[in-house]
Amino acid sequence: MIKLTESEILKKLDNSFLRKPDNDFPSMNYSDIIYNFFFDLEAPTCIVAGSKIHLYSDKKRWAIVFETNGYFYNADYCGITLTYLGNCIDYDISKSGDHTYISNLVTLDLISREENKRIRNKEGDEMEQLDLISAKAHTVNVHGQNIEIIHDVTKYKELGIHISEVDNPRMLISYGDLIRYINETNPNILFATKNEIRAHLPKDLPEILTIDKFHYTGIEKNLLPSAQELYQLIAKVLVTGDKDLYNPTQPPNSHWSNWESGDF
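Because the structure is predicted, anything quoted here is derived from the model rather than measured.

Participant: Got a sec to walk through the overall build of the protein? Specific residues and values, please.
Facilitator: When helices and strands are tallied, the protein shows six helices and 10 strands. Its C-alpha atoms give the protein a radius of gyration of 20 Å, within 12% of the compact-globule value 18 Å for 264 residues. Considering only C-alpha atoms, the protein reaches an extent of 65 × 50 × 35 Å along its principal axes. Restricting the contact set of the protein to residue pairs at least 6 apart, pairs at least 24 apart contribute 66%. When the accessible surface of the protein is summed, it comes to about 13,600 Å², and 50% of that surface belongs to carbon and sulfur atoms. Each charge class in the protein can be summarised by its mean position, and for the 27 positive and 39 negative side chains these summaries are 5 Å apart.

This is how it looks when you write it as structure tokens:
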């Protein structure tokens, strides 16, 4: 029986960091386009709010699911990103025209585009109607649950969420402000369910550990995952199935307030 090794896992993480497709991706035609994404808390197109790392393994299969949530500028909605790495991933495959797209990343709605449109500010100049929420919108459906929209900016400031004053004379909250406020006050609503996470994993693959606070190193540092304590420990946990081996020495810094995201 082929056993898992830490070096195998770390090599796959390095390849993803370098955006290199692995040999377990579905066979390609010349027109196929493959995306092998890596975990990023500084995504320029998304104001990141919450993040987690989910680990699954048995004696020969393993999977890491990196989860983030936030507001996507480029797609105009609030959602969840799930990035899958492992040796048993059912990769997302879609077709458009003559091309087939194969990806290790999927997105899930938190606040749909239709709901975004409903609560959007429709008064004032063009910039005031871009990413700001109407003061007249009192509720919003988030991940299937209706919750109250808090408009009191002092409550946001108390949580370290600073409302932009640029092109915002009425100090309206933005979608990014809202999703971060929810992350601080009702975070469970923002994260994927077990079934949503497992959609691209074998149903019988055991869950080992979920990490919700960790030491993240920005991608711009160009430090390969294999050289980082976080991923070295993750590899040990996946190979052994022993969650107690996740015992980091570096302090957690994964909270959104430590990172710049949503900045084109």
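Now, onward.
Participant: Provide a residue-level description of the packing of aromatic side chains, including the pertinent values.
Facilitator: Under the definition given, this model contains 14 aromatic pairs. Ring centres of Phe 39 and Phe 214 lie 5.7 Å apart, and the angle between their planes is 45°; on these two criteria the pair is classed as tilted. Of this pair, Phe 39 sits in the loop between strand E1 (33-35) and strand E2 (46-57) while Phe 214 sits in the loop between strand E10 (207-211) and helix H6 (229-240); the two residues are 175 residues apart in sequence, bridging distant segments of the chain. Pairing Tyr 71 with Tyr 175 gives two aromatic rings, centres 5.1 Å apart and planes at 25°, and the pair type is stacked.

Participant: Go over the sheet that holds strand E7 (residues 105-111), please, and point to the residues and values.
Facilitator: The five strands lie next to each other as E7-E4-E3-E2-E10, forming an open sheet whose pairing is antiparallel. The open sheet has two edge strands with one neighbour each: E7 and E10. Neighbour to neighbour, the strand axes of the sheet diverge by 20° on average, direction disregarded. In the sheet, strand E4 (residues 77-86) pairs with E7 via six bridges, with the strands oriented antiparallel.

Participant: Tell me about the packing of helix H1 (residues 6-17) against H6, residues and numbers included.
Facilitator: Interhelical geometry of H1 versus H6 gives an angle of 135° and a closest axis separation of 9 Å. Judged by the angle between their axes, H1 and H6 are oblique. Once H1 is placed against H6, the crossing between them reads as right-handed. Together, Glu 6, Ile 9, Leu 10 and Leu 13 of H1 and Tyr 231, Gln 232, Ala 235, Lys 236, Leu 238 and Val 239 of H6 make up the contact between the two elements.

Participant: Before we move on, could you go through helix H4 (residues 175-185) and cite the residues and values that matter?
Facilitator: Every α-helical turn comprises 3.6 residues, leaving residues that sit three or four positions apart pointing alike. Counting buried residues along H4, nine of its 11 residues qualify, which places the element largely inside the surrounding structure. Along H4, the residues classified as buried are Tyr 175, Gly 176, Asp 177, Leu 178, Ile 179, Arg 180, Tyr 181, Ile 182 and Asn 183.

Participant: Talk me through H1; I want residue IDs and the actual numbers.
Facilitator: Under the 1.5 Å per step criterion, the end-to-end length of H1 is 16 Å for 12 residues, consistent within 8% with the ideal 16 Å. All of the buried residues along H1 are Ile 9, Leu 10, Lys 12, Leu 13, Asp 14, Asn 15, Ser 16 and Phe 17. Looking at the buried positions of H1, the neighbouring elements they touch are strand E3 (62-72), E4 and H6. Arg 19 sits one or two positions beyond H1 and adopts a positive phi of about 60°.

Participant: Before we move on, can you summarise the environment of Thr 185 with the specific residues and values?
Facilitator: Structurally, Thr 185 can be placed in helix H4. Sequence-wise, Thr 185 and Leu 159 are 26 residues apart; in three dimensions their C-alpha atoms are separated by 9.2 Å.

Participant: Help me get a handle on the pairing of strand E8 (residues 139-142), residues and values and all.
Facilitator: The alternating pattern of E8 places Val 140 and Val 142 on a buried face and Thr 139 and Asn 141 on a face that is not buried. Direction of pairing for E8 relative to strand E9 (residues 145-148): antiparallel, over a ladder of four bridges. In the sheet register, Thr 139 faces E9, and the bridge partner there is Glu 148. Hairpin connection from E8 to E9: two residues lie between these consecutive antiparallel strands, with His 143 at a positive phi of about 55°.

Participant: Could you give an account of the sheet that holds E1, naming the residues involved and the relevant values?
Facilitator: Strand pairing in a sheet takes place through backbone hydrogen bonds and is either antiparallel or parallel in direction. Taken in spatial order, the three strands make up an open sheet running E1-E6-E5, and their pairing is mixed. One side of each edge strand has no neighbouring strand; the edge strands of this open sheet are E1 and strand E5 (92-96). Each strand axis lies, on average, 20° off the axis of its neighbour in the sheet, ignoring direction.

Thresholds applied
Within each chain, residue numbers correspond to sequence positions counted from 1 in written order. The predicted origin of the model limits local features to residues at a pLDDT of at least 70 and limits the giving and counting of side-chain atom pairs to 80 or more, whereas totals for whole chains, interfaces and linings rest on all residues. No hydrogens and no water enter the side-chain calculation; it runs on all heavy atoms of the structure. Helical segments are the DSSP runs of H or I of at least four residues, strand segments are the runs of E of at least two, and each set is numbered from the N terminus. We compute the radius of gyration over the C-alpha atoms and compare it with the globule rule, which gives 2.2 Å times the number of residues raised to the power 0.38. Any two residues having at least one pair of non-hydrogen atoms within 4.5 Å are treated as being in contact. Note that accessible areas follow from Shrake-Rupley with a 1.4 Å probe, and for residues the cover is restricted to the protein chains shown. We count Lys and Arg on the positive side and Asp and Glu on the negative side, and we leave His and both chain ends out. By convention, the charge on Lys lies at NZ, on Arg at CZ, on Asp at CG and on Glu at CD. Put simply, two rings from Phe, Tyr or Trp (the six-membered ring, in Trp's case) pair if the centres are within 6.5 Å, and we call them stacked under 30 degrees between planes, edge-to-face over 60, tilted for the rest. For two strands to be treated as a pair, DSSP must find no fewer than two bridges joining them. Axis angles are defined between N-to-C directions and span 0 to 180 degrees, where every axis is a line fitted to C-alpha atoms and, for a helix, only to the segment in contact. For classification purposes, an angle smaller than 35 degrees is called roughly parallel, one larger than 145 roughly antiparallel, one from 65 to 115 roughly perpendicular, and anything else oblique. A crossing counts as left-handed when the near helix is turned anticlockwise from the far one by less than a right angle, and as right-handed when that turn is clockwise. Think of it in three bands: residues with accessible area under 20% of the maximum for their type are buried, residues over 50% are exposed, and the middle band is partly exposed, with areas taken using a 1.4 Å probe on protein chains only. How far a helix is expected to stretch is found by multiplying one less than its residue total by 1.5 Å.

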